[in-house]
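Geometric and topological summary
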Amino acid sequence: GVQSVVVGYTGGKEENPTYDFILDATEAVWIEYDPQVVPFRELLKVWSKQHNPFIEQRKRQYRSAIWYQSEQQRREAMEHIEFLKTNARQGFGKSSAPPKIHTSVEPAAVFYRAEEYHQDYLRKHTGGTGYF
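Let me begin by describing the structure that accompanies this report.

Procedures and definitions
- Residues numbered from 1 in each chain as written.
- Predicted model: local features only at pLDDT ≥ 70, side-chain atom pairs only at ≥ 80, totals over all residues.
- Heavy atoms only, no water.
- Salt bridge = Lys/Arg side-chain N within 4 Å of Asp/Glu carboxyl O.
- Helix = DSSP H or I, 4+ residues; strand = E, 2+ residues; numbered from the N terminus.
- Buried < 20%, exposed > 50% of the residue type's maximum accessible area, 1.4 Å probe, protein only.
- Polar contact = N/O pair within 3.5 Å; in protein donor to acceptor, adjacent residues only side chain to side chain.

Enumeration according to the criterion identifies eight salt bridges in this entry. E82 is paired through a salt bridge with K85; the nearest N and O atoms lie 3.3 Å apart. Taken together, the residues span about one helical turn, with E82 and K85 both in helix α2 (residues 71–92) at a distance of three residues. Judged by relative accessible area, E82 falls into the partly exposed class, the value being 39%. Using a relative accessible area of 30% as the deciding quantity, one classes K85 as partly exposed.

To continue, consider the side chain of T10. Turning to its location among the elements, T10 is positioned in strand β1 (residues 2–10). Residue T10 is classed as buried on the basis of its relative accessible area of 5%. In this structure the side chain of T10 is engaged in a polar contact, spanning 2.7 Å, whose partner is the backbone oxygen of V110.

Structure (structure tokens):
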């Protein structure tokens, strides 16, 4: 399935962003995986269980986004967003509007690996596994 997960930055105009000098980039993860073992749709399901796409972030650094590398991944990401919207509507009933999803779906951009202290952050700082 998943061979590696790397924390980094993407989506900005500046080259080589760092946590202290991130400017317009967004914190992100690069997932290397075998799609024959773990389909992209499964990654999206895991993503939506450990990430709240309903929270609007005022800082671009923390915004919610899915970056795709193919037209198929783009379609699957858009379908997953629609699935989340539909489930939110059902959960909020007919009398109230569901919350807005604040996740963009964008073509993959240049990815810059974050500083080493950001890699496996949970494992290093909480004694946990580093994964949810």
